[in-house]
Amino acid sequence: MATAIVVTSGKGGTGKTSVTGGVAACLAMLGSHVLCIDMDISLRNLDLSLGLSDRALMDFTDVLSGRCTLARGAVSHPDIPKLSLLTAPLSPLPTPLPEAQMRAMIQEAKAQFDYILMDSPAGLGDGFQLALSAADRAIVVSTTDVSSLRDAQRTVAALTSILGPRIHLVMNRVQPKLMQRLHTTIDDAMDTTGLPLLGVIPEDQSVMLAANAGKALILLSQKGAATAYRNIARRLMGQSVPLMKIR
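Report on the accompanying structure. Computed from a predicted model, the values in this text were never measured in an experiment. (Residues numbered from 1 in each chain as written. Predicted model: local features only at pLDDT ≥ 70, side-chain atom pairs only at ≥ 80, totals over all residues. Heavy atoms only, no water.)

**Some words on the layout of surface pockets**
So, step 1. Taken as a whole, the largest pocket spans an internal volume of roughly 620 Å³.
So, step 2. Elements represented by at least two residues in the lining of the largest pocket include exactly helix H1 (16-29), helix H2 (46-50), strand E7 (167-174), strand E8 (197-202), helix H10 (206-213) and helix H11 (225-236).
So, step 3. Here the lining of the largest pocket gets four residues from one element, more than from any other, and that element is H10.
So, step 4. A class-by-class count of the residues in the lining of the largest pocket yields 11 nonpolar, 12 polar and eight charged.
So, step 5. Quantified by volume, the second largest pocket comes out at close to 290 Å³.
So, step 6. For the second largest pocket, the lining is made up of 17 residues, of which Ile-41, Pro-96, Gly-125, Asp-126 and Gly-127 are closest to its centre.
So, step 7. Of all the elements, helix H6 (residues 126-132) adds the most residues to the lining of the second largest pocket, at five residues.
So, step 8. Looking at the lining of the second largest pocket, its residues break down into nine nonpolar, five polar and three charged. (1 Å grid on protein atoms, 1.4 Å probe; cavity = no way out; pocket = protein on both sides within 12 Å on 5 of 7 lines; lining within 4 Å. Points joined across faces, edges and corners; volume = space filled by probe spheres on them. Helix = DSSP H or I, 4+ residues; strand = E, 2+ residues; numbered from the N terminus. Nonpolar A, V, L, I, M, F, W, Y, C, P; charged D, E, K, R; others polar.)

Encoded structure:
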């Protein structure tokens, strides 16, 4: 059964978009048909993480309004055949979009894809609410700093009323030496957010290098963050995978 997952965070700068693109690419390379939807209206960046910059001509509002079909709006990845992107509009919208139309589009997407990953804008605004209205599960991305975890708590509270226990935590940009100096652990982060852990991703300069090169990270690297993305993808598929050890 197809699953729609909203990927969100309490604040910007957690690397949420990189996580969305990285996990989506790995799911596709593991054999699943995957649709990424960039929900960050006027601030879209998911195309950069996927290496699909300037390929998308239509956006998800064109599909919602009936100006184009989902099949036309979703752009296929040239190097990862089972991966597609439906991007966000470049300009702010005058009025909020109807949640019923969003749910209908996601229902249509479920007939064509195994996973739909919605890259929600940070915070609890209209884009977050729109993505949440059509989600089956949620992934909250946080870093280990106190402000990121505090904002993640607020996001969890908003998610729990809709999704209940179907929410998981991904700790991103983890630096063990810094955590030691801060006297904090991943367990502390889990306690703060109250969420089960889906994955731990190390700080990895390859993420930025891949985005600047216009390539999905998994096509350029098989270690570091790329390994973490693949492990998270396998867990979403129901496989039992140990957490990677970060040194």
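Here the narrative resumes, following the displayed structure.
**Looking at empty space enclosed by the protein**
So, step 1. Taken as a whole, this structure holds two cavities of 30 Å³ or more when the rule is applied.
So, step 2. The element contributing the most residues to the lining of the largest cavity is H1, with four residues.
So, step 3. For the lining of the largest cavity, a count of residues per class yields eight nonpolar, four polar and no charged.
So, step 4. Forming the boundary of the second largest cavity are Val-7, Val-19, Thr-20, Val-23, Leu-117, Ile-139, Val-170 and Ile-232.
So, step 5. When residues in the lining of the second largest cavity are grouped by element, the largest group, three residues, is from H1.
So, step 6. Looking at side-chain class alone, the lining of the second largest cavity contains seven nonpolar, one polar and no charged residues.

**Looking at helix H5 (residues 99-110)**
So, step 1. For H5, with 12 residues, the first-to-last C-alpha span of 17 Å sits near the 16 Å given by 1.5 Å per residue.
So, step 2. Within H5 the residues assigned to the buried category are Met-102, Met-105, Ile-106, Ala-109 and Lys-110. The buried residues of H5 all sit within an arc of 145 degrees when viewed along its axis, so they share a single face. Residues of H5 that are exposed and point more than 90 degrees away from the buried face comprise Ala-100 and Gln-107. (Expected span 1.5 Å × (residues − 1). Buried < 20%, exposed > 50% of the residue type's maximum accessible area, 1.4 Å probe, protein only. Arc of directions from axis to C-beta.)

**A short note on the environment of Ile-41**
So, step 1. Inspection of the secondary structure puts Ile-41 in the loop between strand E2 (34-38) and H2.
So, step 2. For Ile-41, a relative accessible area of 23% puts it in the partly exposed group.
So, step 3. Through-space distance from the C-alpha of Ile-41 to that of Asp-62 is 13 Å; in sequence the pair is 21 residues apart.
So, step 4. Beyond its immediate sequence surroundings of up to four residues, Ile-41 is in contact with Phe-60, Ala-88, Pro-89, Ser-91, Pro-92 and Leu-93. (Contact = heavy atoms within 4.5 Å.)

**Examining the packing of helix H7 (residues 146-163) against helix H9 (residues 186-193)**
So, step 1. Remark: H7 packs on H9, axes separated minimally by 9 Å, with the N-to-C direction vectors making an angle of 40 degrees. The orientation of H7 relative to H9 falls into the category oblique. The handedness of the crossing between H7 and H9 is right-handed. Touching Leu-149, Ala-152, Gln-153 and Val-156 of H7 are Ala-189, Thr-192 and Thr-193, all from H9.
So, step 2. Looking at the contact of H7 with H9, its residues break down into four nonpolar, three polar and no charged. (Axes fitted to C-alpha atoms, helices over the stretch in contact; angles between N-to-C directions. Parallel < 35°, antiparallel > 145°, perpendicular 65-115°, else oblique. Left-handed = near helix turned anticlockwise from the far one by under 90°.)

**A short note on unusual backbone geometry**
So, step 1. Located in the positive-phi region is Ser-42, a residue other than glycine, with phi close to 75 degrees.
So, step 2. In this structure, Ser-42 sits in the loop between E2 and H2.
So, step 3. Although it is not a glycine, Arg-173 sits at a positive phi angle of roughly 60 degrees.
So, step 4. With respect to the secondary-structure elements, Arg-173 resides in strand E7.
So, step 5. Residue classification places Arg-173 among the partly exposed positions, given a relative accessible area of 38%.

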